Amino acid sequence: MSDSNRYQAGRSAADRSGAAAGASPTAPAAKRGSPLPHHRRAGKHADEGHELSVAGGLAALSLDALSSVAYGPEAMVLVLVAAGSGALRFTLPLTLVITGMLALLVISYTQVIAAHPEGGGAYAVAKVNLGRIPALLAAASLFVDYVLTVAVSLAAGAASLGSVFPGLAHHLLLVALVGLALLTAVNMFGIAESAKLLMIPTAVFIVSILAVIVVGPFHSHPVATIGTSLGPIRPTTALGIVLILKAFASGCSAVTGVEAIANGVPAFRRPRIRSAQRTEISLGVLLGVMLVGLALLIREHHLVPRGGVTILAQITAGAFGTGWMFYVSNLAVTLVLALAANTSFGGLPVLMSLLARDHRLPHLFYLRAERPVYRHGILALALAATLLLFAVDAQTSRLIPLFTIGVFIGFTISQVGLVRHWRGLRPPHWRLRAAVNGAGAMMTAVAVVVFLSTKFLAGAWVVTIAIPLLMLLFWHTERYYAEVASDLELGRTPGPPRRRNSIVVVPTSTVTLLTQRALSAALSLGETVVAVAVAGDEQESQAIKNAWLRWNCSVPLEVLLDPHRSLVRSVLRYVESIQTDATITVLIPQIIPNKRRHEVLHNQRARLLESVLKAQTDGVVIATLPFHIHD
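These figures come from a predicted structure and were not determined experimentally.

Reading the values: rules and limits
- Residues numbered from 1 in each chain as written.
- Predicted model: local features only at pLDDT ≥ 70, side-chain atom pairs only at ≥ 80, totals over all residues.
- Heavy atoms only, no water.
- Axes fitted to C-alpha atoms, helices over the stretch in contact; angles between N-to-C directions.
- Helix = DSSP H or I, 4+ residues; strand = E, 2+ residues; numbered from the N terminus.
- Parallel < 35°, antiparallel > 145°, perpendicular 65-115°, else oblique.
- Phe/Tyr/Trp six-rings, centres within 6.5 Å; stacked < 30°, edge-to-face > 60°.
- Buried < 20%, exposed > 50% of the residue type's maximum accessible area, 1.4 Å probe, protein only.
- Lys NZ or Arg CZ within 6 Å of the ring centre and 35° of its normal.
- Expected span 1.5 Å × (residues − 1).
- Contact = heavy atoms within 4.5 Å.
- Pairing = 2+ DSSP bridges.
- Core = buried A, V, L, I, M, F, W, Y, C linked by side-chain atoms within 4.5 Å.

Undergrad: For this particular structure, what's the right way to read the packing of helix H5 (residues 91-115) against helix H12 (residues 272-300)?
TA: Between two packed helices, both the angle of their axes relative to each other and the distance between the axes serve to describe the pair. Contact geometry of H5 with H12 gives a least axis separation of 10 Å together with a crossing angle of 175 degrees. Looking at the two axes, H5 sits roughly antiparallel to H12.

Okay, structure coming up:
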């Protein structure tokens, strides 16, 4: 059998693993002999009552992309200004190029939505069209992207809040962590609930930015100037193709997040494909108008970086002054930046569930709570984002170099996969579709190369290490599940079950009510019951036997000698010494106090014995009998 055939056979066997073995997340049939249910809910919230409209999709899954106007243009300006204020004239042309790329990406992801309505985005496209390694690369890139989205959004939101309220500028990490805790709590209740929470701030944000774009050009000069001057801007480098490419790469952070809708298609209301596509197109139009409008204002008002404020805050002050509209607009920007992290909470748990279904992550991430929420994925995302925020002290400038690489790797893979998809399917006008995806793939691939070459030492090296490590994690997890499937002989029909005699071993020490209940339960479980006690010497052994005789119990007692009185070691040896074809059951009596603080007062040998028997025996049934103390 070839390696590929062997792999496919192993995958098929793993897919058929049963719930009893714990090797597959597939739900069992309701009745013996009935077929498995095929109506799989692939999305984070695909149940009735948890489905998104177009407006809800924009609020829940598009804030990452929409809010990127707060830091994408600024990142571009910060690169260009190194060549002097005159270099800022390239802001508008570069923005137009980025907007063109945005249009290609939106078209591509509407196609991804139609081709893969189960969600997964670049991972789903690569898995079907490009093979195993590109699929693992896409999954790892998306994973890194989602974690960084949370960290960047919260850090940028904290920085924006610091621009409005300078007193918070020294507590950005705390502000970001509070926002993360709130988002995590809200998403535990479901994506529809989070969308309702985000609807109003999203609307205020969109209206504010569009109002700035409309009102700003009516002023030949900024209405108000905020922030502290950084002095005359002196060029530190020459304006050339390298600097322009670096500015382009930095500005590309403004289109991150457009893939999130394709990743979360199952969360939309029916017809899901049409709803998701309309949301994707709406996002593209809004984001394109915002980017071009803000670039025009930057050029019109000759804005340059100033201390203590963001470029977007300067644009807002230039349009509205520093009155109430300024504060409303910037507070909306701050809130939406922080809440943009919700995009990841809607996308990464779905991706992790798909990876778990493919046996590339622990099946734990496929499980959902009473509400249709992948809570384990949500908690994993929150933990990863917390660690990252601590590592960079919530500084947006330290996160931006890491941010766009994973996103654009995913962009490139999804569009190359679509080219392969159209070539294989050959629908009407497939050459035009392939050309659009190919052009998008070339642009995003150039962006990836520029990111890696210009930002490697600035922090991008972290991503180049993290992505291969995640690929190895997915690879080894999948291989482990394949080995489990092989050990369980999944795909083969085993022989019929047969009844065997049963021996029940009950560890004990003294004659108590706990002993009586344990032996009563043991007599109900098997034909042969043996009580086992441990003594340190012959004198203690005889005392235990005498107490047993006085009790006049029908169950025989084996007293094992051990100078150290090790119950765990002695019982383990006794169980291993039994030479029989019978089923051996070890019934462990365990005291359960009513108050948790009293657990430390009781002997922990029962739990230790249970863990050792599980680790070092095979085919032995380990059971516990709880005895509750009503203290």
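Undergrad: Got a minute to help me understand the packing of aromatic side chains in this structure?
TA: Any aromatic ring pair is given by two values, namely how distant the centres are and how the planes are angled relative to each other. Overall, the coordinates contain 6 aromatic pairs when judged by the stated rule. Where Tyr 109 meets Phe 411, the ring centres are 5.9 Å apart and the plane angle is 65 degrees; that geometry is what we call edge-to-face. Remark: Phe 411 occurs in helix H17 (residues 396-425) and Tyr 109 occurs in helix H5; sequence separation between them is 302 residues. Take Tyr 109 and Phe 411: they sit in the same class, and that class is buried. Aromatic pair Trp 548 and Trp 551: ring centres 5.3 Å apart, planes at 85 degrees, arrangement edge-to-face. One end of the pair, Trp 548, and the other, Trp 551, are both in helix H20 (residues 538-551), 3 residues apart, so they sit about a helical turn from each other. Taking relative accessible area as the criterion, Trp 551 reaches 29% and is therefore assigned partly exposed. Members of the aromatic cluster, connected to one another through ring pairs, are Tyr 109, Phe 408, Phe 411 and Phe 451. It is Arg 132 that lies over the ring of Trp 475; its NZ or CZ is 4.2 Å from the centre.

Undergrad: Honestly, helix H22 (residues 605-616) in this entry has me stumped. Any pointers?
TA: For an α-helix the count is 3.6 residues per turn, leaving residues at separations of three or four pointing the same way. For H22, spanning 12 residues, the distance from its first C-alpha to its last is 16 Å, which sits close to the expected 16 Å at 1.5 Å a residue. Of all the positions in H22, only Ala 606, Leu 609, Glu 610, Val 612 and Leu 613 are classed as buried. Where the residues of H22 are buried, they touch strand S1 (502-507), helix H21 (567-577), strand S4 (583-593) and strand S5 (621-629).

Undergrad: Please clarify how the pairing of S4 should be interpreted in this entry.
TA: The side chains of a regular strand alternate between both faces of the sheet. Burial analysis of S4 places 8 of its 11 residues in the buried class, the great majority of the element. The pairing of S1 with S4 spans 4 bridges and is classified as parallel. By the bridge assignment, Val 505 is partnered in S4 with Val 586. The pairing of S4 with S5 spans 9 bridges and is parallel.

Undergrad: When you look at the sheet that holds S4 in this model, what are you seeing that I'm missing?
TA: The strands making up a sheet are joined through hydrogen bonds of the backbone, oriented either antiparallel or parallel. The 5 strands are arranged S3-S2-S1-S4-S5 in an open sheet whose pairing can be described as parallel. Looking at the sheet topology across the chains shown, the edges are occupied by strand S3 (557-561) and S5. Mean inter-strand twist for the sheet, computed between neighbouring axes without regard to direction, equals 30 degrees. Helix-sheet contacts for H21 involve S1, strand S2 (528-535), S3 and S4, and the interaxial angle to S2 is about 140 degrees.

Undergrad: Before we go on, may I ask you to explain the nonpolar core in this structure?
TA: Taken as a class, soluble globular proteins show a tendency for nonpolar side chains to be buried jointly. Leu 154, Phe 205, Val 258, Leu 389, Leu 399 and Phe 408 are the most contacted members of the largest nonpolar core, which totals 140 residues. The element best represented in this core is helix H7 (residues 132-164), accounting for 18 residues. Look past the residues within four positions of Leu 154 in its chain and what remains in contact with it is Ala 176, Gly 179, Leu 180, Leu 183, Leu 337, Ala 338, Ala 341 and Leu 389. Grouped together as the second largest cluster of nonpolar side chains are 21 residues, Val 505, Val 534, Val 568 and Leu 609 included.

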